[in-house]
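Chain and residue survey
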Amino acid sequence: MYRLMQALETKTFLGSLVMVIAYVSNSMHEVFVILAAFMVLDYITGIICGLVKNNGFNYKKGIRGALKKLSYLILILVTILVEFLIKYLTENTGFDIKIENSITMAVYIYLIGTEGLSIIQNLIILGIPVPPFMIKLFGW
């Protein structure tokens, strides 16, 4: 009996995991790729700022920056899962709310804005002439 329950629990877990992965992969599209590019660019410009302005790379700041980017990915995953939960609960209660990745998209856009602002700030620190409309675009 124990083996049967253990097998059932394993299958339930694996089935749930496959469902979550399928839903998450459907939520990661072009805007996610743009966010990933902004995250990489922000990290690179941050390292360059550290090398140029602080006379060297600060390992602790570099690790902290990488962990911050990882935390963004955790936020995105939580958002996708909450969106899935809302969709699941509303469909099973007779309500049909079409959110279609709108919450996740809002988080993507917010994070792109945050990363864009940081990139612009890093470029200004490096003495790169940034057009005023780009500065306004990212709200600085």
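Scoring rules and cut-offs
- Residues numbered from 1 in each chain as written.
- Predicted model: local features only at pLDDT ≥ 70, side-chain atom pairs only at ≥ 80, totals over all residues.
- Heavy atoms only, no water.
- Core = buried A, V, L, I, M, F, W, Y, C linked by side-chain atoms within 4.5 Å.
- Buried < 20%, exposed > 50% of the residue type's maximum accessible area, 1.4 Å probe, protein only.
- Helix = DSSP H or I, 4+ residues; strand = E, 2+ residues; numbered from the N terminus.
- Contact = heavy atoms within 4.5 Å.
- Salt bridge = Lys/Arg side-chain N within 4 Å of Asp/Glu carboxyl O.
- Expected span 1.5 Å × (residues − 1).
- Axes fitted to C-alpha atoms, helices over the stretch in contact; angles between N-to-C directions.
- Parallel < 35°, antiparallel > 145°, perpendicular 65-115°, else oblique.
- Left-handed = near helix turned anticlockwise from the far one by under 90°.
- Nonpolar A, V, L, I, M, F, W, Y, C, P; charged D, E, K, R; others polar.

1. What about the nonpolar core?
Counting residues in hydrophobic clusters, the biggest one holds 11 residues: Val31, Phe32, Leu35, Met39, Tyr72, Ile76, Ile80, Val107, Tyr108, Leu111 and Ile112. Those elements that place two or more of their residues in this core are helix H2 (30-53), helix H3 (59-92) and helix H4 (102-125). In this structure, Leu35 is in contact with Ile76, Tyr108, Leu111, Ile112 and Glu115, ignoring residues within four places of it in sequence.

2. Points about the pattern of salt bridges
Here the structure, examined in full by the defined rule, presents 2 salt bridges. Of the charged contacts, one joins Asp42 and Lys69 as a salt bridge, the two residues approaching to 2.5 Å between their closest N and O atoms. Taken together, the residues span a long stretch of sequence, with Asp42 in helix H2 and Lys69 in helix H3 at a distance of 27 residues. For the pair Asp42 and Lys69, a shared accessibility class is recorded, and that class is buried. For Lys69, the salt bridge identified is with Glu115, shortest N-O distance 2.7 Å. Here Lys69 is found in helix H3, whereas its partner Glu115 is found in helix H4, with 46 residues between them in sequence. Through salt bridges with shared partners, one network takes in Asp42, Lys69 and Glu115.

3. Structural notes on the side chain of Thr90
Assignment of secondary structure puts Thr90 in helix H3. In this structure Thr90 touches Phe95, Asp96 and Ile97, once residues within four positions along its chain are discounted.

4. As for the environment of Leu137
The residue Leu137 is located in helix H5 (residues 132-137) in this model. Judged by its relative accessible area of 60%, Leu137 is exposed. Along the sequence, Leu137 and Gly116 sit 21 residues apart, while their C-alpha atoms lie 9.0 Å from each other.

5. Focus on H4
The α-helix winds at 3.6 residues per turn, so residues separated by three or four positions along the chain end up facing the same way. Taking 1.5 Å per residue, 24 residues should reach 34 Å; H4 reaches 35 Å between its end C-alpha atoms and fits that length. All buried positions along H4 are accounted for by Thr104, Val107, Tyr108, Leu111, Ile112, Glu115, Gly116, Ser118, Ile119, Ile120 and Asn122. At the exit of H4 stands Gly127, carrying a positive phi of roughly 85 degrees.

6. Considerations on the packing of H3 against H4
For the pair H3 and H4, interaxial distance at closest approach is 8 Å and the crossing angle is 160 degrees. The orientation of H3 with respect to H4, classified from their angle, is roughly antiparallel. As for how H3 packs across H4, the hand of that crossing is right-handed. From H3, Lys69, Tyr72, Leu75, Ile76, Thr79, Ile80, Glu83 and Ile86 reach across to H4, where they touch Ser102, Ile103, Thr104, Val107, Tyr108, Leu111, Thr114 and Glu115. The class makeup of the residues in the contact of H3 with H4 is 9 nonpolar, 4 polar and 3 charged.

7. Some details on the environment of Ile125
Structurally, the position occupied by Ile125 is in helix H4. With 76 residues separating them in the primary sequence, Ile125 and Cys49 have C-alpha atoms 7.1 Å apart.

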